Amino acid sequence: MTNKYLIDFKDLRISKEELSDKLGGNLISLTVDEPAIISAADLINVLTAYRTGRIDQLLDWVNTIWFTDLFDYNDDQCDSIASVMDRLDELDEDGRELTESDINEYIDALLKNKEV
């Protein structure tokens, strides 16, 4: 039941390592018949969890969603989600910390279904 594990991961119930263990392999090389759908609400949940300290590995989540074929974006929110994911990935590449202001800007864009 692969999809259950994907949903558990996107909803922050299991870590990237646990997902890899459950699916039995390198996540980058795995494929599924039906990718789990990421919505703006999912990304808002992750940003909120990071802001409150409930998670500290935001980039593990972002990179797993971004660089595997296990997830897809909600069609109606695709541009907004992709723009926020791109910004989060850029922060990592730039070595810059995610600020409260960044989080607020990203959540606002996701709520309005706009690109950042």
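Remember, predicted model here, so these are calculated numbers, not experimental data.

Chemist: Hey, could you run me through unusual backbone geometry in this one?
Modeler: Across residues other than glycine, the phi torsion is negative in most instances, and most of the peptide bonds are trans. Residues other than glycine seldom take positive phi values, yet Leu12 does so here, at roughly 70 degrees. Considering the arrangement of structural elements, one finds Leu12 in the loop between helix H1 (2–10) and helix H2 (16–23).

Chemist: What is the right way to read the packing of helix H3 (residues 40–51) against helix H6 (residues 100–112) from this model?
Modeler: Two quantities define a packed helix pair, namely the angle between the helix axes and the distance between the axes. The interhelical angle for the contact between H3 and H6, taken along N-to-C directions, is 165 degrees, at an axis separation of 10 Å. Taken together, the axes of H3 and H6 lie roughly antiparallel to each other. Helix-helix and strand crossings are classified by hand; for H3 and H6 the assignment is left-handed. Touching Ala40, Leu43, Ile44, Leu47, Thr48, Tyr50 and Arg51 of H3 are Glu100, Ile103, Asn104, Tyr106, Ile107, Leu110 and Leu111, all from H6.

Chemist: Looking at this structure, I do not really get the packing of helix H4 (residues 58–67) against helix H5 (residues 78–94). What am I missing?
Modeler: Close contact between H4 and H5 brings their axes to 10 Å; oriented N to C, the two are set at 125 degrees. In this view, H4 runs oblique relative to H5, as classed from their interaxial angle. In the packing of H4 onto H5, the handedness of the crossing is left-handed. Of the residues in H5, those in contact with Leu58, Leu59, Trp61, Val62, Asn63, Ile65, Trp66 and Phe67 of H4 are Ala82, Met85, Asp86, Leu88, Asp89 and Asp92. A class-by-class count of the residues in the contact of H4 with H5 yields 10 nonpolar, one polar and three charged.

Rules behind the numbers
Residues numbered from 1 in each chain as written. Predicted model: local features only at pLDDT ≥ 70, side-chain atom pairs only at ≥ 80, totals over all residues. Heavy atoms only, no water. Helix = DSSP H or I, 4+ residues; strand = E, 2+ residues; numbered from the N terminus. Axes fitted to C-alpha atoms, helices over the stretch in contact; angles between N-to-C directions. Parallel < 35°, antiparallel > 145°, perpendicular 65-115°, else oblique. Left-handed = near helix turned anticlockwise from the far one by under 90°. Contact = heavy atoms within 4.5 Å. Nonpolar A, V, L, I, M, F, W, Y, C, P; charged D, E, K, R; others polar.

Keep in mind these numbers describe shape, not what the thing actually does.
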